[in-house]
Amino acid sequence: MPKYYMEIDLSTIDGNAYAIMGAAQRVLKRAGATPEEISQYLEESMSGDYENLVETVGKWLVVV
C-alpha cells in the first residue's frame, strides 16, 4: 500500500530517471508530503538502479 493515495501515470513521463523523480516529487508535494518525507523519497529512489526507482515510486504513490 502506498504512503500517499495520489496517482502518477509513468507512461506519460519521459522514461528518464530524473524526469520520473521530479514528477513523483511534485505529486508528493501536492499530496501534502513534508520536506523530510520528500527527502526520504529522493534518497530511497536514488539508492539503487532504475528498477529500484520505479519500485520506490510505487511505495510512495499509486502508479497507474
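Here the structure is a predicted model, which is why all the values come from computation and not from measurement. Numbers given for residues are sequential positions, taken from 1 along each chain in its written order. The predicted origin of the model limits local features to residues at a pLDDT of at least 70 and limits the giving and counting of side-chain atom pairs to 80 or more, whereas totals for whole chains, interfaces and linings rest on all residues. Water and hydrogen atoms play no part in the side-chain values, which are based on all heavy atoms of the structure.

A. Examining the packing of helix α1 (residues 17–31) against helix α2 (residues 35–45) more closely. Between the N-to-C directions of two axes lies an angle of 0 to 180 degrees, each axis being a line fitted to C-alpha atoms and, for a helix, fitted only over the stretch in contact. Helix and strand assignments come from DSSP, with helices taken as H or I runs of at least 4 residues and strands as E runs of at least 2, each series counted from the N terminus. Contact geometry of α1 with α2 gives a least axis separation of 10 Å together with a crossing angle of 155 degrees. Here α1 is positioned roughly antiparallel relative to α2, judged by the angle of their axes. Here α1 and α2 pass one another in a crossing that is right-handed. Note on element contacts: α2 touches α1 through I38, Y41, L42 and S45, opposite I20, M21, A24, Q25, L28 and K29. Its residues assigned to classes, the contact of α1 with α2 comprises seven nonpolar, two polar and one charged. In these notes the angle categories are as follows: under 35 degrees is roughly parallel, over 145 is roughly antiparallel, 65 to 115 is roughly perpendicular, and the rest is oblique. For any helix crossing, the convention is left-handed if the near helix is rotated counterclockwise from the far helix by under a right angle, and right-handed if that rotation is clockwise. Any pair of residues with heavy atoms lying within 4.5 Å of one another is described as a contacting pair. When residue character is reported, Ala, Val, Leu, Ile, Met, Phe, Trp, Tyr, Cys and Pro are called nonpolar, Asp, Glu, Lys and Arg charged, and the others, Gly included, polar.

B. Quick peek at the nonpolar core. Here, nonpolar core refers to any group of buried Ala, Val, Leu, Ile, Met, Phe, Trp, Tyr and Cys residues whose side-chain atoms link them within 4.5 Å. Burial here depends on accessible area, computed with a 1.4 Å probe over protein chains only, as a share of the maximum for the residue type. Under 20% is buried, over 50% is exposed, and the range in between is partly exposed. Ranked by internal contacts, the top residues of the largest apolar core, which has 18 residues, are I8, L28, Y41, V57 and L61. Counting residues per element, the ones that place at least two in this core are α1, α2 and α3 (50–60). It is α1 that provides the largest number of residues to this core, a total of six residues. If sequence neighbours within four positions are ignored, L61 has contacts with P2, Y4, M6, I8, A24, V27 and L28.

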